Amino acid sequence: MMVEVESKEALIIEGQRKLEGVLKVSGAKNSALPKIVATILTDKEVILENVPDLLDVKTMHLLLEDIGAKVTNIDKNVFSYSLSNPKSLQANYDLVSRMRASILVLGPMVSRFGYGEVALPGGCLIGARPVDLHLKALESMGAKIKIEHGYIKAYAPKGLRGAHIFFDKITVTGTENIVMAAVLAKGRTVIENAALEPEIVDLCKMLKKMGADIEGEGTHRIVINGVDSLKGTNHRVIPDRIEAGTFAVLSALTEGNIVIENYPSEYLEYVDEVLEKIGIYLVKVGENRVTVKRDKVLRPVNIQTREYPLFPTDLQAQFMTLLCFVEGVSEVTENIFENRFMHVPELNRLGANIEIVGRTAIVRPVSKFSGADVRATDLRASAAMVIAGLVAEGETKIHNIYHLDRGYEHIDHKLMGIGAKVRRETVED
Ligand code: EPZ
């Protein structure tokens, strides 16, 4: 299964069309990726359902196949995984450079096989993205870590042992990496200052179905007692709360008549509160089905991105687009990543009036956007560009939409399904 290389594709959007219909939220990228990795912790078959059809998922499948796993697509969005004997214990640079989440294989590989090698993930546009906390935690579990020629090599020939781990910063994949390393370690591991994300809670649910002994997931203190081996299971990827939040913003801004299916309200309580403060209301119209109502005049808010359950950094760009069209000045402060405002100059090209002061963007209201050529910079900023293109006058061409395909399943088809006029075009950048 070859992963498309970074294509020079653009998405052309004709703005201000009447949108109506159903937007279906897919399985969450950030839930699928750790779960796919968790399948290497056992030699038994694991079946995952609701796996989203994303570039990052294809990349993670390639990575698992490189290690020696058998990955089989057995139905729409359903995959079977099994890894009895590894043929390699290396996640190579080519794959890791496309997807930083590859670091997630390090803990499970070294825990089950006594060795793991992952190319040092480079930074990405939103920040340096160090993995020092992952490595420090694995070392405290007895792994010997060497970094040479751009590869992290982790040795634990006698396996890992449980440890009391204190994360200096809350790290999502760091927590996932260590939970997966600890389920097969000898003895008890306590993770302090663990991340609380729903994707972590559901990963632990899957691991417990496989026989892992875990408690405290969803709190800042997770306790894992290692077991000798894990069995197979059948599990479902949870809906993507970030895609759902993106659709809520899109529906409000386009004043469309849209129903959002698989809306995971339980993961978006804080976000829904912020929407209400702005004057946007999610009205339940069925089981996990919502429609979006809004006040005529929307109100400004100040947003601080924080760890879950507060405002997610992955929705910051999309909300910034929304705040361009409220009656008053808003402030958006990015506290998680050091460089996650690349969408600001792109939005300003469309007619936004946003000024960056340190880690805060001051968003002043404008009456309209006018379509232009813009560039997608990171996965979630690309979604902000799509929303902007849907409300702008005229045509917007979003270049380098590789990022969009990494995290939003068939976004152009979903938008066409509600009446948007979007098409892909290969462009010579
Ligand atoms: C996860 O990234 C998500 N990715 C990100 O989503 C999300 O933005 C991020 O969590 C924050 O919610 C996946 O789940 C695959 P962190 P992660 O470790 O785990 C610093 C998307 O668009 N840090 O929680 O890499 C780090 O620099 C992506 O889907 C260290 O200093 O984020 C950051 O400032 C983008 N050392 C902060 O912690 C470390 O060893 C939080 O990062 C690890 C992290």
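Placed above this text is the structure.
In this report, we go over the structure that sits alongside the text. (Residues numbered from 1 in each chain as written. Predicted model: local features only at pLDDT ≥ 70, side-chain atom pairs only at ≥ 80, totals over all residues. Heavy atoms only, no water.)

## Focus on the pairing of strand β21 (residues 360–364)
1) Next: Across the five residues of β21, four count as buried, placing the element largely inside the fold.
2) Next: Sheet topology note: the strand β19 (residues 330–333)/β21 ladder contains four bridges and is antiparallel. In the sheet register, Glu 331 faces β21, and the bridge partner there is Ile 362.
3) Next: Pairing geometry for strand β20 (residues 353–357) and β21, over five bridges, is antiparallel. Bridging from a neighbouring strand, Val 357 pairs with Thr 360 of β21. (Buried < 20%, exposed > 50% of the residue type's maximum accessible area, 1.4 Å probe, protein only. Helix = DSSP H or I, 4+ residues; strand = E, 2+ residues; numbered from the N terminus. Pairing = 2+ DSSP bridges.)

## A closer look at the sheet that holds strand β16 (residues 280–286)
1) Next: The strand order across the open sheet built from four strands is β2-β15-β17-β16, with neighbouring strands paired in mixed fashion. Both edges of this open sheet fall to β2 (20–24) and β16, since each of them pairs with a single strand only. When strand polarity is set aside, the average angle formed by the axes of neighbouring strands in this sheet is 30°.
2) Next: Bridging between strand β15 (residues 257–261) and strand β17 (residues 289–294) involves three bridges; their strand directions are antiparallel. Counted as the bridge partner of Ile 260 is Val 290 from β17. (Axes fitted to C-alpha atoms, helices over the stretch in contact; angles between N-to-C directions.)

## Focus: the packing of helix α4 (residues 106–113) against helix α6 (residues 172–182)
1) Next: At a minimum axis separation of 7 Å, α4 and α6 run at an interaxial angle of 10°. As summarised for this structure, α4 and α6 are arranged roughly parallel, according to the angle between their axes. In this structure, α4 contributes Leu 106, Gly 107, Pro 108 and Ser 111 to the contact, and α6 contributes Asn 177, Met 180 and Ala 181.
2) Next: Taken together, the residues of the contact of α4 with α6 break down into four nonpolar, three polar and no charged. (Parallel < 35°, antiparallel > 145°, perpendicular 65-115°, else oblique. Contact = heavy atoms within 4.5 Å. Nonpolar A, V, L, I, M, F, W, Y, C, P; charged D, E, K, R; others polar.)

## Concerning the pairing of strand β11 (residues 188–192)
1) Next: Of all the five residues making up β11, four are buried; the element is thus mostly covered by neighbouring parts of the structure.
2) Next: Both strand β10 (residues 164–166) and β11 contribute to a ladder of three bridges, which runs parallel. Among the inter-strand pairings, His 164 is bridged to a residue of β11, identified as Val 190.
3) Next: A crossover connection joins β10 to the parallel β11 through α6; in handedness this β-α-β unit is right-handed.
4) Next: Sheet analysis places β11 next to strand β13 (residues 221–225), joined by five bridges and oriented antiparallel. Paired with Val 190 across the bridge in β13 is Val 223. (Right-handed = clockwise from strand over helix to strand, strands pointing away.)

## A few points about the side chain of His 61
1) Next: Relative to the helices and strands, His 61 is located in helix α2 (residues 55–67).
2) Next: Side-chain polar atoms of His 61 contact the side chain of Tyr 81, separated by 2.7 Å. (Polar contact = N/O pair within 3.5 Å; in protein donor to acceptor, adjacent residues only side chain to side chain.)

## Some details on α6
1) Next: Most of α6 is tucked away, with nine of its 11 residues classed as buried.
2) Next: Every buried residue of α6 is listed here: Gly 174, Thr 175, Glu 176, Asn 177, Ile 178, Val 179, Met 180, Ala 181 and Ala 182.

## Digging into the site of the ligand
1) Next: In the vicinity of the ligand lie 22 residues, with Asp 132, Thr 171, Thr 173, Asp 314 and Ile 336 positioned nearest.
2) Next: Residue Leu 133 places a main-chain N or O atom 2.8 Å away from an oxygen atom belonging to the ligand.
3) Next: Separating an oxygen atom of the ligand from a side-chain N or O atom of Arg 340 is a distance of 3.5 Å.
4) Next: Against a free-state accessible area of 830 Å², the protein chains account for coverage of 89% of the ligand.
5) Next: Elements supplying a minimum of two residues to the shell around the ligand: α1 (29–38), α5 (132–140), α6 and α12 (379–391).
6) Next: It is α5 that contributes the most residues to the shell around the ligand, three residues altogether.
7) Next: Grouping the amino acids of the shell around the ligand by side-chain chemistry returns 10 nonpolar, five polar and seven charged. (Near = heavy atom within 4 Å. Areas by Shrake-Rupley, 256 points an atom, 1.4 Å probe, with all protein chains shown as cover.)

## Observations regarding the environment of Leu 315
1) Next: Of note, Leu 315 is situated in the loop between β18 (302–304) and α10 (316–323).
2) Next: Judged by relative accessible area, which is 0%, Leu 315 ranks as buried.
3) Next: A sequence separation of 16 residues divides Leu 315 from Glu 331, and the C-alpha atoms of the two residues are 14 Å apart.
4) Next: Each residue touching Leu 315, except ones within four places of it in the same chain, is listed here: Ile 242, Gly 245, Thr 246, Leu 268 and Val 271.

## A short note on a negative patch on the surface
1) Next: Together, Glu 266, Glu 269, Glu 273 and Glu 276 make up a region of like negative charge exposed at the surface.
2) Next: Looking at the element boundaries, Glu 273 is found in helix α9 (residues 269–278).
3) Next: When its relative accessible area of 48% is taken as the criterion, Glu 273 is described as partly exposed. (Patch = residues over 30% accessible without salt bridge, like charges linked within 9 Å, V, L, I, M, F, W, Y side chains within 5 Å. Salt bridge = Lys/Arg side-chain N within 4 Å of Asp/Glu carboxyl O. Lys, Arg positive; Asp, Glu negative; His and termini not counted. Charge placed at Lys NZ, Arg CZ, Asp CG, Glu CD.)

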